[in-house]
Amino acid sequence: MLAAGVVALAAGTYAFRWAGPALRDRVRLPERVVWLLEIGAVVLLTALVAVTTLPLGTADLGFAVPAGVFAGGLVAWFRRPILLVILAAAATTAVLRYIGVP
């Protein structure tokens, strides 16, 4: 049963990846829809950052995680590539935890 689920998800993923380039010239979205999709992506990423940064009720927040998020946000503010944003956030958190900051 598990194998069938994995195969079904793989087939669906492949179909979605194929549909993008195949339908690019056939489907036109209105400007408003494109704008709403872009805003929706930003909102979802912001919500993801908020949920993973603020573990309310599950653990002590400490200082290292919010500092890492702030460092990543600062790098993103200057429009650097996403890899640098992630590395800055992870490195800041890791260094603070290594030197003993909770």
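Just above, that's the structure.
What counts and what doesn't
Residues numbered from 1 in each chain as written. Predicted model: local features only at pLDDT ≥ 70, side-chain atom pairs only at ≥ 80, totals over all residues. Heavy atoms only, no water. Helix = DSSP H or I, 4+ residues; strand = E, 2+ residues; numbered from the N terminus. Rg over C-alpha atoms; globule rule 2.2 N^0.38 Å. Buried < 20%, exposed > 50% of the residue type's maximum accessible area, 1.4 Å probe, protein only. Contact = heavy atoms within 4.5 Å. Areas by Shrake-Rupley, 256 points an atom, 1.4 Å probe, with all protein chains shown as cover. Lys, Arg positive; Asp, Glu negative; His and termini not counted. Charge placed at Lys NZ, Arg CZ, Asp CG, Glu CD. Axes fitted to C-alpha atoms, helices over the stretch in contact; angles between N-to-C directions. Parallel < 35°, antiparallel > 145°, perpendicular 65-115°, else oblique. Left-handed = near helix turned anticlockwise from the far one by under 90°. Nonpolar A, V, L, I, M, F, W, Y, C, P; charged D, E, K, R; others polar. Patch = residues over 30% accessible without salt bridge, like charges linked within 9 Å, V, L, I, M, F, W, Y side chains within 5 Å. Salt bridge = Lys/Arg side-chain N within 4 Å of Asp/Glu carboxyl O.

Trainee: What's the story with the overall build of the protein chain in this structure? I'm lost.
Mentor: Counting its secondary structure elements, the protein chain contains 4 helices and 0 strands. Taken from the N to the C terminus, the helices and strands of the protein chain come in the order α-α-α-α. Over its C-alpha trace the protein chain gives a radius of gyration of 19 Å, far above what one expects of a compact globule, namely 13 Å for 102 residues. Viewed in the frame of its principal axes, the protein chain has a C-alpha envelope of about 55 × 45 × 25 Å. The 102 residues of the protein chain split such that 11% are buried. Long-range contacts, defined here as pairs at least 24 residues apart, represent 47% of the contacts in the protein chain between residues at least 6 apart. For the protein chain, the exposed surface amounts to about 8,700 Å²; the carbon and sulfur share of it is 74%. In the protein chain, which carries 8 positive and 4 negative side-chain charges, the distance between the mean positions of the two groups comes to 5 Å.

Trainee: Help me out: how do you make sense of the packing of helix H3 (residues 64–77) against helix H4 (residues 82–98) in this one?
Mentor: When two helices pack together, you describe them by how their axes are tilted relative to each other and by the distance separating the axes. It is the contact of H3 with H4, at a shortest axis distance of 8 Å, that shows an interaxial angle of 150°. Viewed along their axes, H3 and H4 adopt a mutual orientation that is roughly antiparallel. Between H3 and H4 lies a crossing of right-handed hand. Contacts from Ala 64, Val 65, Ala 67, Gly 68, Ala 71, Gly 72, Val 75 and Ala 76 of H3 reach H4 at Leu 84, Val 85, Ala 88, Ala 89, Thr 92, Thr 93, Leu 96 and Arg 97. Its residues placed into classes, the contact of H3 with H4 shows 11 nonpolar, 4 polar and 1 charged.

Trainee: What exactly am I supposed to notice about a nonpolar patch on the surface here?
Mentor: A contiguous nonpolar surface patch, about 470 Å² in accessible area, is contributed by Leu 23, Val 27, Leu 29, Val 33, Val 34 and Leu 37. When residues in the nonpolar patch are grouped by element, the largest group, 3 residues, is from helix H2 (residues 31–53). Following the sequence through the fold, Leu 23 ends up in helix H1 (residues 2–23). You can call Leu 23 partly exposed: its relative accessible area is 36%.

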